[in-house]
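Per-entry structural report
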Amino acid sequence: MGLLDNLKAKLAPAKDKVGDLALQHEGRIGESLDKVAKAVDSKTKGKYSGQITSGTGKAKDALGKIAHKDTPGGPTPPAAS
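All chains use their own residue numbering, which begins from 1 and follows the written sequence. Only residues with pLDDT of 70 or above have their local features reported here, since the model is predicted, and side-chain atom pairs are shown and tallied only from 80 upward, although totals for entire chains, interfaces and linings are computed over all residues. Hydrogens and water molecules were not included; the side-chain quantities draw on all heavy atoms of the structure.

Digging into the side chain of His 68
The numbering of helices and of strands both runs from the N terminus, where a helix is a DSSP run of H or I of at least 4 residues and a strand a run of E of at least 2. Topologically, His 68 is positioned in the segment after α3 (49-67). Judged by its relative accessible area of 14%, His 68 falls in the buried class. A distance of 2.7 Å separates polar atoms of two side chains, one belonging to His 68 and the other to Glu 26. Note on classification: 1.4 Å probe, protein chains only; a residue is buried when its accessible area is under 20% of the maximum for its type, exposed when over 50%, partly exposed between these limits. Two N or O atoms form a polar contact when they lie within 3.5 Å of each other; inside protein one atom must be a possible hydrogen donor and the other a possible acceptor, and for residues adjacent in sequence the pair counts only when both atoms belong to side chains.

Quick look at the structure:
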């Protein structure tokens with residue numbers, strides 16, 4: 001077994017726990033991402049609004065993939081508004 005195989009084996013339980021926590025707290029994490037995005041957009045006076053919106057969307061997509069990786073029908077959840 002190589003070094004990467006050892007690391008993957010040791011990190012597997014942590015990966016599962018992160019997925020469980022993401023599923024359990026997905027709503028709160030999403031709300032927090034929105035609050036942070038709004039605060040950063042306010043501090044930058046809207047100069048980077050497009051990039052902030054894009055980054056927030058990508059973070060929420062990644063959160064959804066982590067949280068719903070084991071659900072039937074695919075790795076991504078239904079689109080949330």
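Describing a nonpolar patch on the surface
Grouping into patches uses exposed residues only, defined as over 30% relative accessible area, and leaves out salt-bridged ones; the cut-off is 9 Å for like charges and 5 Å for nonpolar side chains (Val, Leu, Ile, Met, Phe, Trp, Tyr). The protein chains shown are the only cover counted for residues, whose accessible areas, like all others here, come from Shrake-Rupley with a 1.4 Å probe. Each reported salt bridge corresponds to a side-chain nitrogen of Lys or Arg within 4 Å of a carboxyl oxygen of Asp or Glu. A surface patch of nonpolar side chains, amounting to about 440 Å² of accessible area, comprises Leu 3, Leu 4, Leu 7 and Leu 11. Position of Leu 7 relative to the elements: it lies in helix α1 (residues 3-24). Overall, the relative accessible area of 42% leaves Leu 7 in the partly exposed class.

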